[in-house]
Amino acid sequence: MNDEEFEKTLRLGFLDEADQIASNMEQHFLDLSEHEFSDDLMNAIFRCAHNLKGSARAVGFSDLAQFVHEIESAFLFFNEKKIVLSENDKDAFFESIDKIKKSCEIYRSDFSAAFDFTTASKRLSSIDRKKSSDQSNLIKNKETTNGFAIFEDDDQSVLSSKPVAQNKSSQDNKPDMYIRVDLSRVEKLINYVGELVILHDVLREQESVTGNQLSKKTFSQLKKVTKEVQDLSMGLRMVPIRPVFQKMQRIVRDIAKELEKDVQLNLEGSQMELDRAVLEKISDPLVHLVRNAIDHGIEKKEEREKKNKSSQASITLKASQQGGKFVIEVVDDGKGIDHEVVYKAAIKKGIINQDAHLSIEEKLNLIFKASFSTKDTVTDISGRGVGMDVVANCVNELSGSVKIQTKIDQGTTIRLSLPQSLAIIAGMIVTVNGSKFVFPITQVYESVKIDEKKTKITSTLGEILLLRGENLPLYRLSLLLNQKPQAELKKQIAIVVRSTKAYCICVDEIVGQAEIVVKQLGREIQNLPGVVGSTILGDGNPALILDADLLIDRVMNHANYYEMLRKVV
Amino acid sequence: MSEITHNDEADLRFICFSLGEEEYAIPLLDVREVIAVPEMIHVPFTPKHFCGVTNIRGQVISVLDIRKKFHMPDSQSSEKSVIICEFKDLVIGVLVDSVNAVINPKRSEIAARPVIESKIDPVFITNLYRKGDGVVLFLDIMKALDLDDRKAIDNMKKSA
């Protein structure tokens, strides 16, 4: 590695670290009480700032180092005097932390970037000056300037004057227990482990033919170890949801302040782990949900008091694991959503027909429709509406589900049910014309044997299956995949899908269900219609993972399917 | 690449394979391995020369029939092989008749592509090399794919 590369690595490493430190600092500020001075937290913040300053200087980001130094100085004032920070003071620090984060982002693409932190610095210095004049008149300005002078010149003195801080560091420096690993290396490892598992299955077959007692014993040990290795390596992709939840604290604080509402955010289950890829995707929708809960769900103070509710509203973010699913709930104690109001607004907007008969649940779900979120409706209705389609889309993309529970004047719970991992999903393996395909199990509502007497072919609607008094469109998987058609429907199985619409897909056979490892297809065959990925089955052969909704969407705008169907029947 | 641009002699190694009567070569450094024809799973919505996907040590890899791609007649050859090529962001298997040898020509022995009649759109051919009585055509597999396969699939998506 030459010097230039070395420096680059060093700087990138610093930027990662800086992000982490800035987030920690933010968290500590959020944790600070308005009423009581906390030595521990204040010292922790001070340490963060001090570390950041030192590292920034070491890698040559002097603008940033100088700015952090100013933050440190402003902060030191509070720490020295044991003054409790007001919300307003905190705001100034939050703004500074945002500035740090922003500049790190810019540094990432341009190491030589220069920054002007003057406005932020002014804001910082204004708070301590104001504070100092509020304090006892005895030693105000003189003392503070002296204080600054000492630490400005000699950083070491700060450390030595704070022995407590150093003793505590073993507790607070948890990030040191981790190592950063390139995601591609983890993925490679998971690939090889997958191969190991397949080889293991092959060995088991061979062993049952030729094996003796001795090899049987070794084999059963190997099996245990292989399983352990597989579980561990899969676990490497899992990260706690905590950082996303913590981000919400800040958002709640800012929005509540802006809307002049008093909101307490509670977090439950922030230690729960889920796939990094899922976490990344779910972050923005959660922001939408929280924002909506404060904006539309939670009432103003006076209104809450009239309703005999506590004047401080609460929003709870809950993460939990339920039956192999990762569940995130956003619970508020606001005014709830009136499904009739939603329904009427949707009719007015032309989203649904005037004489559409919908269940309460269906009416509530209208808030997830894209065109529902217009300004007009938001002011008209008591419910939510902004950006909810983003939530619905994201959940669909992850093949999860979303559910609303609401009671007027008691509050609303929005429940996102997500796969814990994108790397492993539960799949239903089916065959058609001898090839195997996999549907995510989340898409399969049920599977039924097709009774020929109960299918009808119409020239306008295609095939229809009568299932317990319900008429469902029936599509043949062979035709959906442009293959030669399945000949007869006699012994076929229909997979019933109930997503935004209900329909059946006819397959030859259901092989079984399995936990499958999802593998991306190469870019030469990415974006095939209805194909969302591939996997390797227990027999060692690849199989394609299909998305029922995407396959059907394709047919909907495509006359070809019906032409092909007509040729068969 | 319209001509060989490698400047290191070690990079001037090519793996030769036959397609029918003709002999072709690709840079050895692009080749990850050569395997016997594996079991392949057909992929819907793909063009004719797309044989399918296969499992190579846990990785799902597409295999393409270069002969069908070039509209050459089916061969009777039984000893077919798949060359697994690894490019920057793409790993792909290429079905060929037989893998013959690794050659290490001198730079002076490599000639530019002349304007001649060929069964293949000559833009895939980067150079040629005289080997005894015969001639070896240097093939740019990436170029072949970029020009044709991706387009074919994109078109399919449009019509789908």
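Up top is the structure these notes are about.
Definitions and limits used
- Residues numbered from 1 in each chain as written.
- Chains lettered and ligands numbered in written order.
- Predicted model: local features only at pLDDT ≥ 70, side-chain atom pairs only at ≥ 80, totals over all residues.
- Heavy atoms only, no water.
- Pairing = 2+ DSSP bridges.
- Helix = DSSP H or I, 4+ residues; strand = E, 2+ residues; numbered from the N terminus.
- Axes fitted to C-alpha atoms, helices over the stretch in contact; angles between N-to-C directions.
- Contact = heavy atoms within 4.5 Å.
- Buried < 20%, exposed > 50% of the residue type's maximum accessible area, 1.4 Å probe, protein only.
- Salt bridge = Lys/Arg side-chain N within 4 Å of Asp/Glu carboxyl O.
- Core = buried A, V, L, I, M, F, W, Y, C linked by side-chain atoms within 4.5 Å.

All names here are of chain A. Spatially, five strands are ordered S2-S4-S5-S7-S6 in an open sheet, and the strand pairing comes out mixed. A single partner strand is all that each edge strand has here, and the edge strands are strand S2 (263-268) and strand S6 (401-407). For this sheet, the mean angle separating the axes of adjacent strands, direction not counted, is 15°. The pairing of strand S4 (residues 313-322) with strand S5 (residues 325-332) spans eight bridges and is classified as antiparallel. Within the sheet, the bridge partner assigned to Thr316 lies in S5 and is Val331. Along the sheet, helix H12 (residues 276-297) makes contact with S2, S4, S5 and strand S7 (411-419), crossing S7 at roughly 175°.

Here the focus is the pairing of strand S8 (residues 424-432) of chain A. Two faces make up the sheet, and in a regular strand the side chains alternate between them. Residues and elements named next belong to chain A. Most of S8 sits inside the fold, with seven of its nine residues counted as buried. Where S8 and strand S16 (residues 509-517) come together, eight bridges link them in antiparallel fashion. Note that in S16 the partner of Ile429 across the bridge is Gly512. Sheet topology note: the S8/strand S9 (residues 435-440) ladder contains six bridges and is antiparallel. Its bridge partner being in S9, Gly427 is matched across the sheet by Pro440. Counted along the chain from S8 to the antiparallel partner S9, the turn is two residues long, and its residue Asn433 has a positive phi close to 50°.

This part is about the pattern of salt bridges. All names here are of chain A. Evaluation of the coordinates by the stated rule reveals 30 salt bridges over all chains. Between Asp16 and Arg108 there is a salt bridge whose closest N-O contact spans 3.1 Å. With Asp16 in helix H1 (residues 3-31) and Arg108 in helix H4 (residues 87-109), the pair connects residues that are 92 residues apart, well separated along the chain. Classification of Asp16 as partly exposed rests on a relative accessible area of 24%.

Attention now moves to the nonpolar core. Judged by nonpolar contacts, the single largest core of 63 residues is most densely connected at Phe439, Leu477, Leu480 and Ile505 of chain A together with Ile26 and Leu139 of chain B. Ignoring anything within four residues of it in the chain, the contact list for Leu139 of chain B reads Phe17, Tyr24, Ala25, Ile26, Pro27, Ile66, Phe70, Phe124, Ile125 and Thr126 of chain B. Ala256, Ile298, Ile337 and Phe368 of chain A belong to the second largest nonpolar core, which has 51 residues in total.

These results come straight from atomic positions and should not be treated as a statement about function.
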